[in-house]
Amino acid sequence: MALTRTENSFIELRKQYIEKRFSNLNPVQRSAVLKTEGPLLILAGAGSGKTTVVVNRICCLLEFGNAYESDELARPVTDKDVEELRNALETGELTSSIRPLMKTGVIKPWNILAITFTNKAAGELKNRIEAAVGSDGLDVFASTFHSACVRFLRSDAELLGFPRSFTIYDTDDSKRVMKEIMKDLSIDDKLFPLNPQLSKIGRYKDSMTSPEEVTATAKEYRDRVTAKLYSEYQKRLKQAGAFDFDDLIYFTVRLLREHEEVREKYQRRFKYIMVDEYQDTSYAQSLLVRLLTGSERNLCVVGDDDQSIYRFRGATIENILGFENTFSNTKTIRLEQNYRSTSHILNSANSVIKNNKGRKGKTLWTNNGDGDKIKIICSDTEQEEAELIAKQITDNLNSGIRLKNQAVLYRMNAQSNAIENYFARAGIPYRVIGGQRFFDRAEIKDMIAYMCIVSNPADDLRLQRIINKPSRKIGAATIGELSRIADGLGVPMLEVIRDADDFETLSKASNALKNFYRIYQKLCDTLENGTLEDFVRDIIDSTGYRAMLTAEGDEGETRLQNVEELISTVKQYEQENEDGDLDRFLEQVALVSDIDSYDENTDAVVMMTLHSAKGLEFDCVYIAGMEEGIFPGELSRFDERETEEERRLCYVGITRAKKKLTLSYSKSRMLFGQTRRNRISRFLDELPPECVELPVEPERKIERTDYRSRNSGSVTLGSQASSIRQPKPAVKNNAVYMVGDRVNHRVFGDGTILSVTELSSDMLLEIDFDTRGVKKTMANYAPLKKL
DNA sequence: ACTAGCCACTTTTTT
DNA sequence: AGTGGCTAGT
């Protein structure tokens, strides 16, 4: 039906109004916000304001529905309506009579599904939506893949033969199960190491390959063993009513695939779907997204192929590279303007990443000024590295950058030790994100295990963990017998314990088992009749756990404190979640990561792995361990695909920095209990020389701040060790520099060269100046003369 | 059944 | 280097 002239002008003005509503965005961002219908691929460079786009896109949907791309009108329009809208464009004020005309399509907050990478990101997204559109925003379904899947499975897991109150196994649990399987099947875990087998199984799940399929196709002996392990592993998890992390995705996909009514339920509900960090999705996850997407295909994925860093856990970069092929008529939008970093930092990032081949290719640009150049610092040991980084941090603190805006990033968690040690001694407040999580501590896992068996009585694994903790005279022999009987009958171990009297072989342990069952029943009672907090307190006391810890002395004392902390966690959980129950709490515990609880308001230096830093930004970023064998890691050095992944990780690291970036390497480092000397990371060579700092520092004593303590002032750059190193001649500008040469520096005067280090196209010289101490300079940039 | 002491392994990165 | 698992001895 043709539109009248009045209608046409109204629709045209409506578009203008909506555009104006988002005039705070740049034109590219705005086009991404307004394109609400059909498949959309947003290639969002680091710091390009992609979260802002996602938030605004959701706002747009909630405020205007699909009005921007639609000809629909809620009622016939008159010339008066057109006039009022024209006024509204001037004043920004909509009259109540035309307001209903501004929105088309029925879009409620719960029709929008937004998948993020971490729980923290989901929370932030919700907060920002709430801030923009009010409490309606809270009903937008924003969560991670894993949390979303748990929600779906909670309502329909029975269709797959799992209980609704299923348990979620973490990596640790998986290992335990696998170890047991290997023992039962007499498979040598030297020949078939645990981790590779488990990750193989994980990759099978990522590619939606069932145990049956693997068994059918496995020809070689090793593959047949893996197939056997996989089948057995799944069998046991099912018996225990448990999913591991990969299962959550795998079984949700199966649920949606095999049950049309469930699939349609969600397709009807989620009219608009958005997926963030799409470059880090697995094949199974991309399938999941496809299954949730209805025939309208209102799917928007956001990602940056250069920031794909989770290949090791099944992410495939092909998802984002091939999105346009999977979804025909995809509109692709590139956000390339960076609002975060200075151009020296950005150019460095560009220069590093351009060495990768498999990428869509894009170049970030910024209007921010050049800013400071990239600092490179070099040390002899990892202790000294920590010291030098600390020095930079306090320098920057003195120039007004708060500690919370400074972050130390590294490749592996193990690197944090040396840095932590120094910071602790120097009195620099710091926080470490990641590493061992609170919920990974043994005593906390014990508490959780008690909670789990009440929630899911079939959870034999958790049961075994705590059945004799504290000691109840139930030993390995008894547990073995229990497990045998339970297996034979196909019932949970807990049932066998209940009926212990019926089994001859358990007669000796009968009393101990009855005693345990009484405790179990008491816990069930407490949960039934009280709050979660009562329940946890009861676990600590009734099980004798407190008594056990108290008896242990001061070791136990700290562990008791951790347990007490769990109580306050539970308490807080109950306060924040009205409808929270035990299952919900346990699932949260299973799915939170350390980064989720990272609070940016505490004023302390942040330390974390480069992986954890994804999505964050800091004024100052220090990346430690820029060495071959560390970063890129030893295993990645000779595999091109792996090296490219490391390079992307480096790109992620560099682009976290807003103002200052410091890269650090150490000439020697203690790792795996051995001291190793590593070459400088190739990534340093890939930096553009013009962005790297000429280390001509203004001559000033490092002011001691309150944070620095005694004894850390004597910073010795360049020890004898460095002068022993093989002299490499630096040829540039007709000058050849060798270790031991005497040189003159226009600012620092005369000195002796301590070391020559090849760096990019230049040479890094370490010079011991007669009057000014040891400094580092670039051969090409420094005002140097050979004497 | 429990404990102490020894050995081996870890190391990528995480939901 | 540190931790956790295993063995052997009580």
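Residue numbers restart at each chain and count upward from 1, following the sequence in its written direction. Lettering for chains starts from A, numbering for ligands starts from 1, and both go in the order in which the items are written. In view of the model being predicted, local features appear only for residues whose pLDDT reaches at least 70, and side-chain atom pairs are presented and counted only at 80 or more, with totals across whole chains, interfaces and linings using the full set of residues. Calculated side-chain values reflect all of the structure's heavy atoms, with hydrogen atoms and water omitted.

1. Thoughts on the nonpolar core
Thinking step 1. Grouped together as the largest cluster of nonpolar side chains are 50 residues, with contacts concentrated most on Met451, Ile497, Leu513 and Phe516.
Thinking step 2. Runs of H or I in DSSP of at least four residues are treated as helices and runs of E of at least two as strands, each being numbered from the N terminus. Residue contributions to this core peak at 9 residues, all from helix α19 (residues 442-455).
Thinking step 3. The criterion used for residue contact is that any of the two residues' heavy atoms lie within 4.5 Å. Residues within four places of Leu513 in sequence aside, it is in contact with Ile467, Ile474, Thr478, Leu482, Ile497, Ala500 and Leu506. Note on terminology: a nonpolar core comprises buried Ala, Val, Leu, Ile, Met, Phe, Trp, Tyr and Cys residues joined through side-chain atoms within 4.5 Å. The rule is simple: take the accessible area with a 1.4 Å probe, protein chains only, and divide by the maximum for that residue type; under 20% is buried, over 50% is exposed, in between is partly exposed.

2. Observations regarding the sheet that holds strand β3 (residues 141-144)
Thinking step 1. Pairs of strands are assigned from DSSP output, requiring at least two bridges between the strands. Across the sheet, which stays open at both edges, the 6 strands sit in the order β3-β2-β6-β7-β1-β8 with parallel pairing between neighbours. Every interior strand has two partners, whereas the edge strands, β3 and β8 (331-335), have only one. For this sheet, the mean inter-axis angle between neighbouring strands, taken without regard to orientation, is 15 degrees.
Thinking step 2. Note: strand β2 (residues 112-116) against strand β6 (residues 272-275), 4 bridges, orientation parallel. By the bridge assignment for β6, Ile112 is matched with Tyr272. Between N-to-C directions, angles cover 0 to 180 degrees, with each direction set by a line fitted to C-alpha atoms, over the stretch in contact for helices.

3. With respect to the protein's contact with DNA strand B
Thinking step 1. Contacts to DNA strand B come from 25 residues, most closely from Arg411, Met412, Ser471, Ser593 and Phe672.
Thinking step 2. It suffices for a single heavy atom of a residue to lie within 4 Å of a molecule or strand for the residue to be listed as near it. The contact atoms of DNA strand B, taken as those within 4 Å of the protein, divide so that sugar and phosphate hold 57%.
Thinking step 3. Definition of a polar contact: a pair of N or O atoms within 3.5 Å, with one able to donate and the other able to accept a hydrogen when the atoms are protein atoms, and with sequence-neighbouring residues admitted only if both atoms are side-chain atoms. Contacts to DNA strand B include Ser471, whose side-chain N or O atom sits 2.2 Å from a phosphate oxygen.
Thinking step 4. The separation between a phosphate oxygen of DNA strand B and a polar side-chain atom of Thr609 is 3.0 Å.
Thinking step 5. Elements with a minimum of two residues in the surface near DNA strand B: α21 (476-489) and α28 (640-654).
Thinking step 6. Residue contributions to the surface near DNA strand B peak at 3 residues, all from α21.
Thinking step 7. For this classification, Asp, Glu, Lys and Arg are treated as charged, while Ala, Val, Leu, Ile, Met, Phe, Trp, Tyr, Cys and Pro are nonpolar and the rest, including Gly, are polar. Residues belonging to the surface near DNA strand B are distributed by class as follows: 9 nonpolar, 12 polar and 4 charged.

4. Re the pattern of salt bridges
Thinking step 1. Every case where a carboxyl oxygen of Asp or Glu lies within 4 Å of a side-chain nitrogen of Lys or Arg is listed as a salt bridge. The final tally for this structure, using the stated rule, is 56 salt bridges.
Thinking step 2. Put simply, Arg637 and Glu634 hold a salt bridge, and the shortest N to O gap is 3.7 Å.
Thinking step 3. Assessed through its relative accessible area of 33%, Glu634 is described here as partly exposed.
Thinking step 4. Residue Arg648 pairs with Glu645 through a salt bridge whose shortest N-O separation is 2.9 Å. Of the two residues, Arg648 and Glu645 are both situated in helix α28; the distance of 3 residues between them amounts to about one turn of the helix.
Thinking step 5. Connected via shared salt-bridge partners are Lys50, Asp276, Glu277, Asp280 and Lys614.

5. A short note on the environment of Glu258
Thinking step 1. Residue placement: Glu258 occurs in helix α11 (residues 245-258).
Thinking step 2. Judged by its relative accessible area of 45%, Glu258 is partly exposed.

6. Digging into the confidence of the model for chain A
Thinking step 1. Taken residue by residue, chain A gives an average pLDDT of 84. The fraction at 70 or more is 91%.
Thinking step 2. As a per-residue measure, pLDDT reflects the predictor's confidence and takes values from 0 up to 100. With pLDDT under 50 throughout, residues 696-734 is counted as low confidence; its partners more than four residues away or in other chains account for 74 contacts.

7. Things to note about the packing of helix α23 (residues 510-529) against helix α24 (residues 532-542)
Thinking step 1. Contact geometry of α23 with α24 gives a least axis separation of 8 Å together with a crossing angle of 160 degrees. On the basis of the axis angle, α23 is roughly antiparallel to α24. As α23 runs across α24, the sense of the crossing is right-handed. Side by side, α23 and α24 meet where Ile519, Lys522, Leu523, Thr526 and Leu527 of the first sit next to Leu532, Asp534, Phe535, Asp538, Ile539 and Ser542 of the second.
Thinking step 2. Residues belonging to the contact of α23 with α24 are distributed by class as follows: 6 nonpolar, 2 polar and 3 charged. Throughout, the term roughly parallel applies to angles under 35 degrees, roughly antiparallel to angles over 145, roughly perpendicular to angles from 65 to 115, and oblique to all others. Here a crossing is taken to be left-handed if its near helix is turned anticlockwise relative to the far helix by less than a right angle, and right-handed if that turn runs clockwise.

8. Things to note about the pairing of strand β13 (residues 618-623)
Thinking step 1. Counting buried positions along β13 gives 6 out of 6 residues, so the element sits mostly inside the fold.
Thinking step 2. One ladder, built from 4 bridges, connects strand β10 (residues 406-410) with β13; its direction is parallel. Paired with Ala407 across the strands is Val621, a residue of β13.
Thinking step 3. Pairing analysis gives 5 bridges linking β13 to strand β14 (residues 657-666), with the strands arranged parallel. By the bridge assignment for β14, Tyr622 is matched with Thr662.
Thinking step 4. Handedness of a crossover is defined as follows: orient the strands so they point away from the viewer, and if the path from the first strand over the helix to the second runs clockwise, the crossover is right-handed. In terms of handedness, the path from β13 via α28 over to β14 forms a crossover that is right-handed.

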